[in-house]
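The lines below spell out each chain.
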Amino acid sequence: MPNIKEAIEGVSAVQLNSPTASFFLMGKPGEGKSDACFDIFAAQNIPRERVLRIHLGNYDRVELGGVPEISTHEATGERITVFRPTDVFADFVEGTGVGGIILEEASSLNDRDMEQFIAQVVQDRHTGNFKLDPQVRILLTGNNVEDKAGARQLLGHLNNRLYFVDIEAALDPWCEWAMQNGVPHEGIAFLRLRPSLLNDYDPNRRSNPTQRSWTQLFTEVPADLPTSTYMWVAAGKVGEGAAAEWCAARDMMKKMPSIDVIRMHPTNTEVPQEPAVCYAVATGLSMTATPDSFSRDMQYVERLPKEFMMVYLTDAMKLNPELQQTKEFIDWAVKNQDIFTGGN
């Protein structure tokens with residue numbers, strides 16, 4: 001079962017080779033399936049303005065396929081029903097070029113007619129009124145039936161026309177994404193400390209810790225709210241248990257030395273003992289590392305337990321690959337060849 005990053009790479013590769021191959025991304029609620037669709041299209045160099053996102057639950061069959069109207073048949077003079085196309089797919093008709101269509105909530109439909117329509121779009125690339133451009137890619141998203149989030153089994157012939165991708169929640173791809181999308185380092189550090197809370201969806205709970213809810217909590221809620229206020233806001237987003245753990249770790253992370261102080265005094269700034277604070281320090285340094293700061297960062301992180309030094313190095317290299325060309329990294333790599341060769 002692929003994680004989000006692997007799904008993006010695999011689906012992109014197939015659609016670049018065969019644009020008419022349609023994929024259905026499935027997973028737990030809040031895993032980031034919609035964002036993954038945009039990333040899949042971006043990996044194929046499809047501009048964001050050429051991506052259409054349709055929440056199927058907001059439409060019925062007529063709205064997507066065409067509105068009925070009485071007209072006169074030119075050849076016979078008979079009064080007939082014709083279907084006037086809506087503008088939903090108008091920008092993606094044959095001749096418009098490359099594009100992407102995301103059909104959201106495809107597993108939550110209670111309308112078999114709508115499923116028949118989707119099967120026609122996927123198989124024939126035809127909406128009833130419009131023929132889609134052959135360079136238009138189609139992706140569908142939906143939740144797993146077993147997660148009891150409104151999902152149901154699709155019609156068999158629709159299933160047969162799709163490639164299904166069951167996405168697995170994975171910490172490292174989310175952390176990599178979070179570091180590039182404005183998520184504070186404290187939040188990333190906490191989920192490294194408690195990876196089982198990354199997506200702990202339970203249909204019997206109203207609020208759940210998921211990739212989406214954590215991201216919203218970390219980026220939308222002011223960090224300087226009074227503790228009691230922050231706690232009930234957090235509980236309303238990720239649930240009471242997860243919120244209590246996060247708030248406790250967040251309070252502990254306040255002991256963290258500032259990044260600026262660490263870089264000014266890397267050899268004598270105190271090294272934290274608590275794992276939550278070590279994760280926060282390593283992540284905070286990696287997200288702001290530059291070739292100019294790298295030598296000072298290394299002086300400090302080499303004083304941390306090895307696992308946190310590796311967190312820093314792994315993240316810093318992903319975010320800033322040019323750090324691998326610095327003398328400090330080359331010297332460290334030579335000295336630590338056992339890490340790359342599997343030795344102890």
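Everything that follows concerns the structure shown earlier in this document.
Let me sum up the structure you'll find in this document. (Residues numbered from 1 in each chain as written. Predicted model: local features only at pLDDT ≥ 70, side-chain atom pairs only at ≥ 80, totals over all residues. Heavy atoms only, no water.)

Core analysis: the biggest nonpolar cluster contains 55 residues, and Trp-174, Leu-191, Trp-214, Leu-217, Trp-246, Tyr-312 and Leu-313 have the highest contact counts within it. Top element by residues in this core is helix 12 (residues 275–287). It accounts for 8 residues. For Tyr-312, the contacting residues outside a window of four places in its chain are Ala-282, Leu-285, Ser-286, Ala-289, Phe-294, Asp-297, Met-298 and Val-301. Residues Phe-24, Phe-89, Val-136 and Leu-155 belong to the second largest nonpolar core, which totals 29 residues. (Core = buried A, V, L, I, M, F, W, Y, C linked by side-chain atoms within 4.5 Å. Buried < 20%, exposed > 50% of the residue type's maximum accessible area, 1.4 Å probe, protein only. Helix = DSSP H or I, 4+ residues; strand = E, 2+ residues; numbered from the N terminus. Contact = heavy atoms within 4.5 Å.)

Okay, empty space enclosed by the protein next. By the definition in use, this model includes 1 cavity of 30 Å³ or more. Here the largest cavity defines a volume of roughly 30 Å³. Every residue along the wall of the largest cavity is listed here: Leu-64, Gly-65, Gly-66, Pro-85, Thr-86, Phe-89, Thr-127, Asn-129 and Phe-130. Residue composition of the lining of the largest cavity, grouped by class: 4 nonpolar, 5 polar and no charged. (1 Å grid on protein atoms, 1.4 Å probe; cavity = no way out; pocket = protein on both sides within 12 Å on 5 of 7 lines; lining within 4 Å. Points joined across faces, edges and corners; volume = space filled by probe spheres on them. Nonpolar A, V, L, I, M, F, W, Y, C, P; charged D, E, K, R; others polar.)

Attention now goes to the pattern of salt bridges. In the structure shown here, the tally under the stated rule is 11 salt bridges. Among the ionic pairs, Asp-200 bridges to Arg-205, the shortest N-O distance being 3.4 Å. Look at Asp-200 and you get partly exposed, because its relative accessible area is 32%. With relative accessibility at 33%, the residue Arg-205 sits in the partly exposed group. Beyond isolated ion pairs, a larger network of salt bridges with shared partners links Lys-5, Glu-176 and Lys-318. (Salt bridge = Lys/Arg side-chain N within 4 Å of Asp/Glu carboxyl O.)

Okay, the layout of surface pockets next. The volume enclosed by the largest pocket comes to roughly 760 Å³. The set of elements that each furnish at least two residues to the lining of the largest pocket consists of helix 1 (4–17), helix 2 (33–43), strand 2 (51–55), strand 6 (136–143), helix 6 (171–179) and helix 8 (211–220). Considering every element that reaches the lining of the largest pocket, the biggest residue donor is helix 2, with 5 residues. A per-class count over the lining of the largest pocket returns 9 nonpolar, 12 polar and 12 charged. Here the second largest pocket defines a volume of roughly 230 Å³. If you trace the second largest pocket, you find 13 residues lining it, with Pro-184, Glu-186, Ala-223, Trp-246 and Arg-250 closest to the centre. Of all the secondary structure elements, the ones that give two or more residues to the lining of the second largest pocket are helix 7 (185–193) and helix 10 (240–253). Tallied by class, the residues present in the lining of the second largest pocket amount to 8 nonpolar, 2 polar and 3 charged.

Ordered by their spatial adjacency, 5 strands build an open sheet running 2-5-6-1-7, and the pairing between neighbours is parallel. At either margin of the open sheet sits one strand with a lone partner, and together these are strand 2 and strand 7 (163–166). Strand-to-strand twist of the sheet, defined as the mean angle between neighbouring strand axes without regard to direction, takes the value 20°. Both strand 1 (residues 23–27) and strand 6 contribute to a ladder of 5 bridges, which runs parallel. From the neighbouring strand, Phe-24 faces strand 6, where its bridge partner is Leu-140. In this fold helix 2 packs onto strand 1, strand 2, strand 5 (99–104) and strand 6, with an angle of close to 165° to the strand it touches most, strand 6. (Pairing = 2+ DSSP bridges. Axes fitted to C-alpha atoms, helices over the stretch in contact; angles between N-to-C directions.)

Positive phi, normally seen in glycine, also occurs at Asn-45, with a value near 60°. With respect to the helices and strands, the residue Asn-45 is situated in the loop between helix 2 and strand 2. Residue Asn-45 is classed as exposed on the basis of its relative accessible area, which comes to 67%. Even without being glycine, Arg-125 reaches a positive phi, approximately 60°. Along the chain, Arg-125 turns up in the loop between helix 4 (112–124) and strand 6. You can call Arg-125 buried: its relative accessible area is 7%.

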